[in-house]
Amino acid sequence: MTFFDLARKNAWRKPLRSLLLMVCIAVAFLIYGLTASFLAGTQGTSAASDDILGVMSAGGRTQPLPMAHAARLAADPDIAALAYMTRLRGFVAAEKNVVAVSAADPERLIAVNGKGLGLTPELVAAIGQARDKVLVGRALMEAQGWTVGQHIAVTAFDVAKRDGSRDWRFEIAGVFEGENAASDTYFIIARYDYINAARARGKDTVDAFIVRPREGVPPGELAARIDTLFANSAAPTRTQSEKQFLEAFLRQYADIGLIVDLVVGAAFVTLLMIVVNTMVFAVRERTFEIGVLKTLGFSRLKIMALILGETLFIFAVGGSIGLVLAKLATVFASPALGLVFSPPIAAKALMIIAVLGLATGALPAFNAMRTPIIKAFRTR
């Protein structure tokens, strides 16, 4: 019998107890997997770039910037590509069915962030055929059940047309996929010239300029220089990376990272207390057998390793079940939730399994290692 077989058989001495422990561990790692996947995928923050910069008004997201800023930005030799965007939020059919529309110049957008959005020359050509054509992200397309060629109407919350109507009609020309599963594709890309020509207010203004620095140019330094350029203008700017912007946007509602850490921390602390208490009693029940093993020549370190192997086995099985369930949940969950179970999450989970397995087995293993043979035999 190998050392692993002995640890496994010890773990299954009382199947019901071991099964309940594994269930507790599986639930804890299911919670970890779901919360970490939510944090990784929320609004595409895990796929957001640190290199792409967003130039917005220093007065806040609701304050537009004049299109005239584009010429001054384009003159900067450290800017490789420049795009601009204005936002339109509204609903389709019912007010609770909210969608977001980003109006931009498609050719400029593909130059700045075509790879991240999954834009192709074919998609840009499709949206260029008519001013009311749009591209829809895969997640939004699936959630709404739309098809290419379908006409949709978005009722804007705060962007009215010159005729007083708030109904913006579009035709779906194609679907963009995003670079990977973490990319935010729950929005619509429309043409800026269509929105700009038809809206009643804010003509020739944008909500943000999107900048890609030239290779080798530190994004932080370029951001500071851009803000300095417009510091004394009528419309000063605040420049952030795409990732910083999305994280700041989420923090307006709550510190998602802190909430996730607190929930996962509470789950693991509770799990640690349960498993340590259970393992202490389980090892105490086997005090006589430990004395026999020592008599047969098992060293103190082997006894300790045997018990640590037992707890690691229980954690490995329970943790693996929890992570598999979390992965399945992210696969079958609605794309609107933005759950992304990435390899770094799995790697971190495996590390936590190892640490918790060793931590919970340390106390009972240490007690067993120190138990004298005579004292162990007196338990019978």
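Remember, predicted model here, so these are calculated numbers, not experimental data.

Another point: the overall build of the protein chain. A tally of regular secondary structure across the protein chain gives 14 helices and 11 strands. When each of the 380 residues of the protein chain is scored for burial, the buried share is 46%. Taking all contacts inside the protein chain whose residues are at least 6 apart in sequence as the whole, residues at least 24 apart take part in 79%. Total accessible area on the protein chain is roughly 19,200 Å²; 61% of this is exposed by carbon and sulfur atoms.

Moving on: the pattern of salt bridges. Going through the model one piece at a time under the given rule, you end up with six salt bridges. The shortest N-O distance in the salt bridge between Glu171 and Lys133 comes to 3.2 Å. Linking Glu171 in strand S7 (residues 167-176) with Lys133 in strand S5 (residues 133-137), this pair joins segments that are 38 residues apart in sequence. The class of Glu171 is buried, set by a relative accessible area of 19%. Asp193 is the partner of Arg191 in a salt bridge, and the nearest nitrogen-oxygen pair spans 2.7 Å. Arg191 gets classed as buried once you look at its relative accessible area, which sits at 15%. Each of the salt bridges in this network shares a partner with another, and the network as a whole consists of Asp76, Asp78 and Arg225.

This part covers a nonpolar patch on the surface. A surface patch of nonpolar side chains, amounting to about 550 Å² of accessible area, comprises Trp12, Leu19, Val23, Val27, Ile31, Ile259 and Val263. Going through the elements one at a time, helix H2 (15-41) and helix H10 (256-285) are the ones with two or more residues in the nonpolar patch. Broken down by element, the nonpolar patch gets its largest block of residues, four residues, from H2. Relative accessible area serves as the criterion here: at 44%, Val23 is assigned to the partly exposed category.

What follows concerns unusual backbone geometry. Generally, phi is negative for residues other than glycine and the peptide bonds are trans, each holding for most cases. Non-glycine residue Ala93 carries a positive phi angle of around 70°. Within the element layout of this structure, Ala93 appears in the loop between strand S3 (79-91) and strand S4 (98-104). In this model, Asp204 sits at a positive phi of 60°, which is unusual for a non-glycine residue. Among the structural elements, Asp204 can be located in the loop between helix H7 (192-198) and strand S9 (205-206).

With that settled, the discussion passes to the UniProt feature "transmembrane region" (unreviewed entry) in the protein chain. Mapped onto this structure's residue numbering, the UniProt feature "transmembrane region" (unreviewed entry) falls at residues 256-283, 303-325 and 345-366. Taken end to end, residues 345-366 is 100% helix and 0% strand, and its two terminal C-alpha atoms sit 31 Å from one another.

With that settled, consider the nonpolar core. Most often, soluble globular proteins keep nonpolar side chains buried together rather than apart. In this structure, Phe29, Tyr32, Phe268, Leu271 and Phe315 are the most contacted members of the largest nonpolar core, which totals 25 residues. Contributions of two or more residues to this core are made by H2, H10, helix H12 (300-332) and helix H13 (343-370). Top contributing element to this core by residue count: H2, with eight residues. For Phe315, the residues in contact, after removing those within four places along its chain, are Ile25, Phe29, Leu271, Val275, Ser320, Ile353, Leu356, Gly357 and Thr360. Counting residues in hydrophobic clusters, the runner-up holds 23 residues, among them Trp146, Val175, Ile188 and Ile195.

Neither face of strand S8 (residues 188-191) is open: one carries Ile188 and Ala190, the other Ile189 and Arg191, and all of them are buried. Where S4 and S8 come together, four bridges link them in parallel fashion. When the sheet's bridge partners are listed, Val101 is paired in S8 with Ile188. Sheet analysis places S5 next to S8, joined by two bridges and oriented antiparallel. Each residue of the ladder has a partner; that of Val136, found in S8, is Ile188.

About the thresholds
- Residues numbered from 1 in each chain as written.
- Predicted model: local features only at pLDDT ≥ 70, side-chain atom pairs only at ≥ 80, totals over all residues.
- Heavy atoms only, no water.
- Helix = DSSP H or I, 4+ residues; strand = E, 2+ residues; numbered from the N terminus.
- Buried < 20%, exposed > 50% of the residue type's maximum accessible area, 1.4 Å probe, protein only.
- Contact = heavy atoms within 4.5 Å.
- Areas by Shrake-Rupley, 256 points an atom, 1.4 Å probe, with all protein chains shown as cover.
- Salt bridge = Lys/Arg side-chain N within 4 Å of Asp/Glu carboxyl O.
- Patch = residues over 30% accessible without salt bridge, like charges linked within 9 Å, V, L, I, M, F, W, Y side chains within 5 Å.
- UniProt positions renumbered as here; feature names shortened; annotations may be inferred.
- Core = buried A, V, L, I, M, F, W, Y, C linked by side-chain atoms within 4.5 Å.
- Pairing = 2+ DSSP bridges.

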